[in-house]
Structure formats: C-alpha cells, structure tokens
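Examination of the molecular architecture
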Amino acid sequence: MSLDVSPQLLAEAENGEVQEQDFVETVRTSLPYAYDLIARLASELHSGPAEFANNQTPPPSEKERGQLLRALSSDAIRGSLERHFGIALAFQNCHRVAAFRPEARGGETHTRFTSLRAQILNQAPEFRDC
C-alpha cells in the first residue's frame, strides 16, 4: 500500500472532495523519504538562481527507493507535491528527481532534462532492477 490513510481522511474521501493539505500530510507521514527529498529540492530551488535542483544520490535502501517511486508514479501524489511546494518535478531513473520552477516546464532546460537523450545517458546497469 502506498499511503497510510487515516479513518478521518477515508471518511473525507467517501463524503466528497478531499482537502489537499490533508492529502499532503498523509503523503508526508506515509512516504517520509520521498517527501523530505522533494522538500529539500524545492528549498534549494527557491533559495537560489539555479534553473533546477536535482538529486543524484541513491536512496539508502530499497524501502526509501520504493517510497520515491510510489510518490512519483502516482499522478495524485506527484501533482499534490508539485502544488504544495510550488515546483514542477521531473524524474529520470530510480532516484534522479529534479525540481523546476513551474514556468520552466517545457522550456529549454526542462526539455533537455526530460529528453530521450538525457534518459539514455542517465542509465546504468545498477538501475535495471530498481
């Protein structure tokens, strides 16, 4: 299971719309490694002039890698984190996630990062089973 959903959040969902801040809090507590990594990237991005901030350090274990993959493979989780932190996320392999400013999406640097060429150049044998 990706998220540890509280009975309160489940009731909220059963009764209609879910408050995004409640959902993000569930993501934070359920996927702490992924949440903290994305929070760090957002902070780095917002604190300087760089076009993007990215992680190139593998997670410490498969548990953390799984959290990152679950967070980034879910449209709902990924979109909520992007809105919460005011960023656009891009993902290349088992751990190389980048935070861009939302307006950079589709721009030259973002397009280069998400290109087929970049994907191929960021492969390694150790990523085959991640």
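The structure contained in this document is the topic of the report that follows. Treat the numbers as computed from the prediction; the structure is a model and nothing was measured.

The rules behind these values
Residues numbered from 1 in each chain as written. Predicted model: local features only at pLDDT ≥ 70, side-chain atom pairs only at ≥ 80, totals over all residues. Heavy atoms only, no water. Pairing = 2+ DSSP bridges. Helix = DSSP H or I, 4+ residues; strand = E, 2+ residues; numbered from the N terminus. Expected span 1.5 Å × (residues − 1). Buried < 20%, exposed > 50% of the residue type's maximum accessible area, 1.4 Å probe, protein only. Contact = heavy atoms within 4.5 Å. Polar contact = N/O pair within 3.5 Å; in protein donor to acceptor, adjacent residues only side chain to side chain. Lys, Arg positive; Asp, Glu negative; His and termini not counted. Salt bridge = Lys/Arg side-chain N within 4 Å of Asp/Glu carboxyl O. Phe/Tyr/Trp six-rings, centres within 6.5 Å; stacked < 30°, edge-to-face > 60°.

1. Side note on the pairing of strand S2 (residues 88–91)
Here S2 pairs with strand S3 (residues 97–100) via four bridges, running antiparallel. By the bridge assignment, Ala88 is partnered in S3 with Phe100. The loop that links S2 with its antiparallel partner S3 comprises five residues.

2. Describing helix H4 (residues 62–73)
With twelve residues, H4 ought to run about 16 Å at 1.5 Å a step, and its terminal C-alpha atoms sit 16 Å apart, in line with that. Those residues of H4 not exposed but buried are Glu64, Arg65, Gly66, Gln67, Leu68, Ala71 and Leu72. On its buried side, H4 packs onto helix H2 (20–30), helix H3 (32–46), helix H5 (75–85), S2 and S3. If you check the start of H4, you find a side-chain oxygen 3.2 Å away from the backbone N of Lys63, and it comes from Ser61.

3. Thoughts on the side chain of Glu64
Residue placement: Glu64 occurs in helix H4. Although buried, Glu64 forms no salt bridge, and the nearest oppositely charged side chain, Lys63, lies 5.6 Å from it. Residues contacting Glu64, with those up to four places away along its chain left out, are Tyr33 and Pro59.

4. With respect to the pattern of salt bridges
Side chains bearing opposite charge may pair, as long as their charged atoms lie close to each other. Under the defined criterion, the tally for this structure stands at six salt bridges. In this structure, the salt-bridge partner of Glu20 is Arg83, at a minimum N-O distance of 2.6 Å. You can see Glu20 sitting in helix H2 and its partner Arg83 sitting in helix H5, a full 63 residues away along the chain. By relative accessible area, which is 54% here, Arg83 ends up exposed. With a closest N to O distance of 3.2 Å, Glu62 and Arg65 form a salt bridge. With Glu62 and Arg65 both in helix H4 and three residues apart, the pair spans about one turn of that helix. Residue class for Glu62 comes out exposed when judged on its relative accessible area of 56%. With relative accessibility at 12%, the residue Arg65 sits in the buried group.

5. Concerning the pairing of S3
Burial of S3 is two-sided: the residues Val97 and Ala99 facing one way and the residues Ala98 and Phe100 facing the other way are all buried. Inspection of the sheet shows strand S1 (residues 52–54) paired to S3 by three bridges, in the antiparallel sense. Considered in S3, the bridge of Ala53 is made with Ala99.

6. Comments concerning the packing of aromatic side chains
A full pass over the atoms with the stated rule returns four aromatic pairs. Plain terms: the ring middles of Phe52 and Phe100 are 4.9 Å apart, the flat faces sit at 25° to each other, and that makes the pair stacked. Taken together, the residues Phe52 in strand S1 and Phe100 in strand S3 connect sequence positions 48 residues apart. Accessibility expressed as a relative area gives 26% for Phe52, which makes it partly exposed. These aromatic residues form a ring-pair network of at least three members: Phe52, Phe100 and Phe113.

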